[in-house]
Structures are given as C-alpha cells and as structure tokens.
Amino acid sequence: IPDSVYDEALVGVQGAWFSKSNINFKAGFRAQDYDNSSIIASKDYIGPVMRGGFDYSPTDSDTIVFEFTRTIYESTYRNMNYYNANLFGFNYRHNFTDKLAANLFGYYQLHLYPSESTENGLTTKRNDNYYQGGASVRYYLRKWISLEAKYEYAQRVSKFDVFDYKDQQVTISGTVGF
C-alpha cells in the first residue's frame, strides 16, 4: 500500500520469571497513516499492539515456548488497508542428543477486517481463523550444518467460505550457517 507510515510506542518486561522460565512481553499503541491511499474504508489505524512469550525449560533437554501477538498487517483484500491479527502459539522442543532434536508446534490466528465487504451475496465483516500444527526433526552434522524433515498442516476457515483452504506440507531442508 503506497505511502504507509506508522509510529509504535511500546513498553516491555523481559527476564527470568522463575529459575527455569523466561518472560518477554511488550505492549503499547500503534498509529498507522495511509496518506495517498485511494481506499476509503478504514483509512487509518490507531489502536493497541502487543507481543510476547513465555519460555519454560523443565529439563536441560526440553523447552516449551508460548507466544502471542496482537498487531495489524497491511491488507491487499478489497477496500481494506489493514487487518487486525491475533496469534497464539506454542512450540515444544526436545533434544535427544547434541545432534538430534525434535519439535512439536501449533498456532491459532484470528484475522479481523475492520469494514464490511461482500462475497457471494453475503455482506459482513470478514474474519479468518487459521489453524496450524506440525512436527519436525533436525539432525546436526556439525554445529553449523544441519538437515531437517518437517510436516505442517494449515487450515483457514473464513467468514466467507470462498477463502477457506486446507494445506499439508512435507519439507526436507538443509541449513548451513556462517
């Protein structure tokens, strides 16, 4: 979207909450202006934003991460400059050895569009529910090179069923770090 400018002011807390856990939280307000946008619905955004997470390591081999985000993203959908995005997620990681680790993860997202639109004869505010989950296994050949196999499932359930989808993906990848 052309000429989009925003200011965001956040305050935060970060640190060890208990002996085996960490917290990271930021919250504040965002003002986003769309100077030259030809879109007339919901032209500017002023509202709350927040993001953060909580890490818990019950053992040296296990880490559980909970995360959340509330923010806006620019939209390419119809007459909307942006949509509100709310994300809740978790990741469980277990290190079997120094060379082998596995992850289980899941996310839920809710996208809320600020103005009404019409699809297939239905006029209402669009909202999309996203569900995502999966698992991965990573093997470290060296500290700086690894191989990963991952399965992901994703589904979107929209107020307008024309935007619904289900996706399953299997990925095999390699990473080299410098």
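As shown above, the structure is provided for reference.
Criteria and thresholds
- Residue positions within a chain follow its written sequence, with the count starting from 1.
- Thresholds applied to this predicted model are a pLDDT of at least 70 for local features of residues and 80 or more for the giving and counting of side-chain atom pairs; totals over whole chains, interfaces and linings are not thresholded and use all residues.
- Note: side-chain values were computed over all heavy atoms of the structure, leaving out hydrogens and water.
- A run of DSSP states H or I qualifies as a helix once it reaches four residues; a run of E qualifies as a strand once it reaches two. Both are numbered from the N-terminal end.
- Each radius of gyration reported is based on C-alpha atoms, and the globular scaling rule is 2.2 Å times the count of residues to the power 0.38.
- To sort residues, take the accessible area from a 1.4 Å probe on protein chains only and compare it with the maximum for the residue type: under 20% means buried, over 50% means exposed, and anything in between is partly exposed.
- Residues count as neighbours in contact if any of their non-hydrogen atoms are within 4.5 Å of one another.
- Exposure was quantified through the Shrake-Rupley algorithm and a 1.4 Å probe, taking into account, for residues, occlusion by the shown protein chains and nothing else.
- Charged-residue counts in this description rest on Lys and Arg as positive and Asp and Glu as negative, His and the chain ends being excluded.
- For charged residues, the charge sits on one atom: NZ in Lys, CZ in Arg, CG in Asp, CD in Glu.
- Working definition: rings of Phe, Tyr and Trp (its six-membered ring) pair if their centres are within 6.5 Å, and the pair is stacked with planes under 30 degrees apart, edge-to-face with planes over 60 apart, and tilted otherwise.
- Whether two strands pair comes down to DSSP finding at least two bridges between them.
- To get an axis, fit a line to the C-alpha atoms, keeping to the stretch in contact for a helix; angles then go from 0 to 180 degrees between the N-to-C directions.

Enquirer: Would you mind going over the overall build of the chain in detail, with residue names and values included?
Expert: For the chain, the count of helices and strands is 0 helices and 9 strands. When the helices and strands of the chain are placed in sequence order, the string is β-β-β-β-β-β-β-β-β. What you see for the chain is a C-alpha radius of gyration of 20 Å, clearly larger than the 16 Å of a compact globule of 178 residues, by over 25%. Projected onto its principal axes, the C-alpha positions of the chain cover 55 × 40 × 30 Å. The 178 residues of the chain split such that 31% are buried. Here the contacts in the chain between residues at least 6 apart in sequence split such that 48% fall between residues at least 24 apart. Carbon and sulfur atoms make up 56% of the accessible area of the chain, which totals about 11,200 Å². Distance between charge centres in the chain, computed from 18 positive and 20 negative side chains, equals 5 Å.

Enquirer: I'd like a description of the packing of aromatic side chains, backed by residues and values.
Expert: This structure, assessed with the given rule, holds 8 aromatic pairs. Look at Tyr-77 and Tyr-113: their rings are 5.4 Å apart centre to centre, the planes differ by 65°, and that puts the pair in the edge-to-face class. Separated by 36 residues along the polypeptide, Tyr-77 in the loop between strand E4 (62-74) and strand E5 (82-95) and Tyr-113 in strand E6 (residues 100-119) bring together distant segments of the chain. For Tyr-77, a relative accessible area of 9% translates into the label buried. Each ring, one from Tyr-77 and one from Phe-163, has its centre 5.6 Å from the other, and the planes form 85°; the classification is edge-to-face. Of this pair, Tyr-77 sits in the loop between E4 and E5 while Phe-163 sits in the loop between strand E8 (145-158) and strand E9 (165-176), and the two are 86 residues apart along the sequence.

Enquirer: Hey, could you go over the environment of Gly-15 for me, with residue numbers and the actual values?
Expert: Turning to its location among the elements, Gly-15 is positioned in strand E1 (residues 4-18). A sequence separation of 126 residues divides Gly-15 from Leu-141, and the C-alpha atoms of the two residues are 32 Å apart.

Enquirer: Quick one: what's the story with the sheet that holds E1, residue by residue and with numbers?
Expert: Read from one edge to the other, the open sheet built from 9 strands follows the order E1-E2-E3-E4-E5-E6-E7-E8-E9, with strand pairing classed as antiparallel. Each edge of the open sheet carries a strand with a single partner, namely E1 and E9. With strand direction ignored, the average angle separating the axes of adjacent strands in the sheet is 15°.

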